[in-house]
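The chain contents come next:
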Amino acid sequence: MSLTHPAHADRTDANRDVRIALLGCGTVGSGVARLLVNSTSSVPARSGVDYWLAGIGVRSLSKPRPPEIPAGLFTEDARGLVDDPTIDVVIECIGGTGVAAEFVVAALEARKHVVTANKDLLATRGPELRALAAARGVTIAYEAAVGGAIPIVRTIAESLAGEEILEVGGVLNGTTNFILSEMFGGATYAGALAAAQRLGFAETDPTNDVAGIDAAHKLAILAQLAFRRGLVTHEIPRTGITALSRDDHGLAKRAGWRLKLIACARTDSSIVTPAYVPTEHPFAQPVGPQNCIRVTGRSSGSLTFAGTGAGSGPTASSVVGDVVAVLRRITANRNAGVSTASTMLEPVREDVLEKSIPLRRVLRLATLGDVRPAREALVGSGIAAEPLDGLPAVVTAPLDSEGARCIETLIAAREIGAASVIPLWEDLSVVPSTSPLLEV
Ligand code: HSE
């Protein structure tokens with residue numbers, strides 16, 4: 001790799017170096033730039049082709065940049081890089097669905113391969129972008145959009161391409177898992193959020209994480225791949241963690257559960273919700289800002305992946321892994337004299353997963369008194385509610401969305417003095433026993 005612009009290479013030369021443009025040099029972009037600058041021999045060795053980092057598009061040249069990245073690479077003309085006919089690969093690290101979307105669409109239209117960590121973009125426009133890439137015979141690669149360095153996107157798209165996937169999801173958001181871990185240790189929601197902000201996990205405006213939007217974005221991306229369906233973020237039933245209290249965690253402790261933000265999709269349903277999870281379950285294991293992602297296939301059984309789901313290092317590592325995969329594809333296409341898209345680009349079906357995953361609800365009652373009146377009110381409404389063994393003031397009830405509406409009505413009518421109503425996680429009945437396969 002070279003760090004300066006070479007003279008315009010002849011695009012008909014099958015052996016010429018690949019020219020890469022990086023857009024954005026924030027937390028993820030600077031990590032990617034560092035890795036590309038430091039991988040001058042390893043990336044070509046792994047991909048079979050040499051590359052030039054031709055430029056880095058940034059909003060302002062006056063911002064200080066990491067000293068190991070040559071200053072001459074930076075330009076404020078990101079659009080110029082996208083439109084440059086000598087650029088083969090565009091790495092998009094701007095984020096969001098504004099100018100980043102424009103650049104990604106323009107790059108794909110111009111038959112450039114795109115590597116991105118942009119989950120918002122893939123979750124809301126993934127099917128369209130994948131179809132555009134397929135039509136242009138190029139790859140859009142986005143391993144880093146879900147789970148940082150956890151290798152889940154290509155695992156689903158390629159390693160499990162022959163599998164009938166029944167379920168995908170788990171703990172997909174590190175910030176909320178950090179907050180819930182702190183609350184389990186006794187912190188209040190406000191104290192745990194402040195700690196998450198101090199440590200750089202949560203943004204000043206934490207809505208995206210705590211309202212479950214980030215987890216829903218990641219789930220949409222995984223479900224698009226797993227089920228080849230056009231699920232997008234706003235179609236996923238979603239509840240965040242802002243209403244959870246220390247008392248809810250107290251109940252979890254007494255019952256042998258953990259409270260986790262679970263994002264999960266099955267073949268006909270999906271959900272993002274806080275849920276009680278039995279302590280021995282894989283989804284109960286991640287602590288602090290860790291993620292846990294499980295894929296269950298009919299033949300493969302359950303595969304569980306765990307690791308750090310965010311941060312500059314893990315995310316940049318994942319982006320550069322995609323760059324190597326794209327470079328390999330370019331080498332293979334050149335050798336074959338054709339242009340083919342990645343196997344990840346199979347178009348998705350149009351229909352969506354409309355239903356919420358039905359889960360049993362745990363009602364923590366407002367008083368420690370007799371649970372019978374609450375139970376009778378539920379049973380009178382056709383809901384088979386049961387007291388929870390050994391725990392006064394707790395009733396569990398199996399609910400579909402009709403039942404959930406009914407419970408809301410009873411609570412509103414004060415027939416049930418419920419302090420909280422939180423789902424209890426239940427695995428698919430066909431799920432084979434879970435075996436942790438890979439720790440990353
Ligand atoms: N805010 C995200 C999280 C960052 O906390 O998981 C990684 O996508």
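Reading guide: rules and limits
Residue positions are given per chain, counting from 1 as you read along its sequence in written order. Where local features are concerned, this predicted model is filtered to residues with pLDDT of at least 70; where side-chain atom pairs are given and counted, the filter is 80 or more; whole-chain, interface and lining totals use all residues. For side-chain calculations, the full set of non-hydrogen atoms in the structure is used, while hydrogens and water are omitted. Secondary structure counts use DSSP, requiring at least four H or I residues in a row for a helix and at least two E residues in a row for a strand, with both numbered from the N terminus. Think of it in three bands: residues with accessible area under 20% of the maximum for their type are buried, residues over 50% are exposed, and the middle band is partly exposed, with areas taken using a 1.4 Å probe on protein chains only. When checking whether two residues touch, look at their non-hydrogen atoms; a contact exists if any pair is within 4.5 Å. In this text, near means that some heavy atom of the residue lies within 4 Å of the molecule or strand in question. Distance and chemistry together define a polar contact, namely a pair of N or O atoms within 3.5 Å, with one atom able to donate a hydrogen and the other to accept it when in protein, and with adjacent residues in sequence counting only for side-chain atoms on both sides. Per-residue and other accessible areas were derived by the Shrake-Rupley procedure at a 1.4 Å probe size, with only the shown protein chains allowed to occlude residues. Residue polarity is assigned by list, with Asp, Glu, Lys and Arg as charged and Ala, Val, Leu, Ile, Met, Phe, Trp, Tyr, Cys and Pro as nonpolar; anything else, Gly included, falls into the polar class. In this description, a line fitted to the C-alpha atoms serves as the axis of each element, helices being fitted only across the stretch in contact, and the angle between N-to-C directions of two axes falls anywhere from 0 to 180 degrees. Roughly parallel means an angle under 35 degrees; roughly antiparallel, over 145; roughly perpendicular, 65 to 115; everything else is oblique. It is the rotation of the near helix from the far one that decides the hand of a crossing: anticlockwise by less than a right angle makes it left-handed, clockwise makes it right-handed. As used in this record, nonpolar core signifies buried Ala, Val, Leu, Ile, Met, Phe, Trp, Tyr and Cys residues forming a set joined through side-chain atoms within 4.5 Å. Note on terminology: pairs of cysteine sulfur atoms within 2.5 Å are recorded as disulfides. One fewer than the residue count of a helix, multiplied by 1.5 Å, yields its expected span. When two rings of Phe, Tyr or Trp (its six-membered ring) have centres within 6.5 Å they constitute a pair, described as stacked for plane angles under 30 degrees, edge-to-face for angles over 60, and tilted for the intermediate range. Counted as over-ring charges are cases with an Arg CZ or a Lys NZ within 6 Å of the ring centre that also lie within 35 degrees of the ring normal. To be clear, the arc concerns the directions from the helix axis to the C-beta atoms.

Engineer: How should the overall build of the chain be read in this particular structure?
Structural biologist: What the chain contains, in helices and strands, is 14 helices and 17 strands. A burial count over the chain gives 53% of its 440 residues as buried. Summarising the internal contacts of the chain: among those between residues at least 6 apart in sequence, 74% fall at separations of at least 24.

Engineer: Whenever I open this one, unusual backbone geometry confuses me. Can you help?
Structural biologist: Most peptide bonds are trans, and most residues other than glycine sit at a negative phi. Backbone geometry at Arg111 places phi at a positive 65°, although glycine is not the residue there. As for its position among the elements, Arg111 is in the loop between helix H4 (99–109) and strand S5 (113–116). Positioned with a positive phi, Arg228 is a non-glycine residue whose angle comes to about 50°. Mapped onto the elements, Arg228 comes out in the loop between helix H10 (213–227) and helix H11 (246–255).

Engineer: Got a minute to help me understand the site of the ligand in this structure?
Structural biologist: Every residue near the ligand is listed here: Lys119, Asn173, Gly174, Thr175, Asp209, Asp214, Lys218, Gly309 and Ala310. Interatomic distance of 2.8 Å between a backbone N/O atom of Gly174 and an oxygen atom of the ligand. In isolation the ligand exposes 260 Å². Once the protein is present, 81% of that is buried. Where the shell around the ligand is concerned, the elements lending two or more residues are helix H7 (174–184) and H10. Looking at the shell around the ligand, its residues break down into one nonpolar, four polar and four charged.

Engineer: Looking at this structure, I do not really get the packing of helix H5 (residues 119–136) against H10. What am I missing?
Structural biologist: How two helices sit against one another is set out by the angle between their axes and by the gap between those axes. Between H5 and H10, the least distance of the axes is 7 Å, while the angle of their chain directions is 25°. Between H5 and H10, the interaxial angle falls into the category roughly parallel. In the packing of H5 onto H10, the handedness of the crossing is left-handed. Taking contact as the criterion, the partners of Lys119, Asp120, Leu122, Ala123, Thr124, Gly126, Pro127 and Arg130 in H5 are, on H10, Asp214, His217, Lys218, Ala220, Ile221, Gln224 and Leu225. Grouping the amino acids of the contact of H5 with H10 by side-chain chemistry returns six nonpolar, four polar and five charged.

Engineer: Sorry, what's going on with the nonpolar core here?
Structural biologist: Nonpolar side chains tend toward joint burial in soluble globular proteins. Leu108, Ile152, Ile156, Ile179 and Tyr276 are the most contacted members of the largest nonpolar core, which totals 79 residues. Here this core takes ten residues from H10, the largest share from any one element. Setting aside residues up to four positions removed in sequence, Ile179 forms contacts with Tyr189, Ala192, Leu193, Ala196, Val210 and Ile241. Core analysis: the second largest hydrophobic core is formed by 31 residues, Ile56, Leu73, Val319 and Val326 among them.

Engineer: Looking at this structure, I do not really get the state of the cysteines. What am I missing?
Structural biologist: Disulfides are covalent bonds that connect the sulfur atoms of two cysteines. Under the defined criterion, the tally for this structure stands at zero disulfides. For the unlinked cysteine Cys25, the closest cysteine sulfur is that of Cys93, found at 8.6 Å.

Engineer: I would appreciate a short explanation of the environment of Val58 in the present structure.
Structural biologist: Note on placement: Val58 falls in the loop between strand S2 (51–57) and strand S3 (74–75). Measuring from C-alpha to C-alpha, the distance between Val58 and Leu23 comes to 6.6 Å, with 35 residues separating the pair along the chain.

Engineer: Just to check I follow, could you spell out helix H1 (residues 27–38) for this structure?
Structural biologist: Note: α-helices contain 3.6 residues per turn, so residues at a spacing of three or four share the same orientation. An ideal rise of 1.5 Å per residue puts 16 Å on twelve residues; H1 measures up with 17 Å between its terminal C-alpha atoms. Residues of H1 that are buried: Gly29, Ser30, Gly31, Val32, Ala33, Leu36 and Val37. Against strand S1 (18–23), S2, strand S4 (89–92) and helix H12 (312–336) lie the buried residues of H1.

Engineer: What am I meant to see in the packing of aromatic side chains here?
Structural biologist: The final tally for this structure, using the stated rule, is three aromatic pairs. On the basis of an interplanar angle of 55° and a centroid distance of 5.9 Å, the ring pair of Phe283 and Trp425 is categorised as tilted. Of the two residues, Phe283 sits in the loop between strand S9 (269–278) and strand S10 (290–297) while Trp425 sits in the loop between strand S16 (418–424) and strand S17 (435–439), which places them 142 residues apart along the sequence. The residues Phe283 and Trp425 share a single accessibility class, namely buried. The ring of Phe184 has Lys253 lying over it, and the distance from NZ or CZ to the ring centre is 5.0 Å.

Engineer: It is not clear to me how helix H8 (residues 189–198) should be interpreted in this structure. Could you clarify?
Structural biologist: Those residues of H8 that sit buried are Tyr189, Ala192, Leu193, Ala195 and Ala196. The buried residues of H8 occupy one face: seen down the axis, they fall within an arc of 160°. Residues of H8 that are exposed and point more than 90 degrees away from the buried face comprise Ala190 and Arg198. In this fold, the buried residues of H8 make contact with H7 and helix H9 (207–210). Note on H8: the residue one or two positions beyond its end, Gly200, has a positive phi of about 85°.

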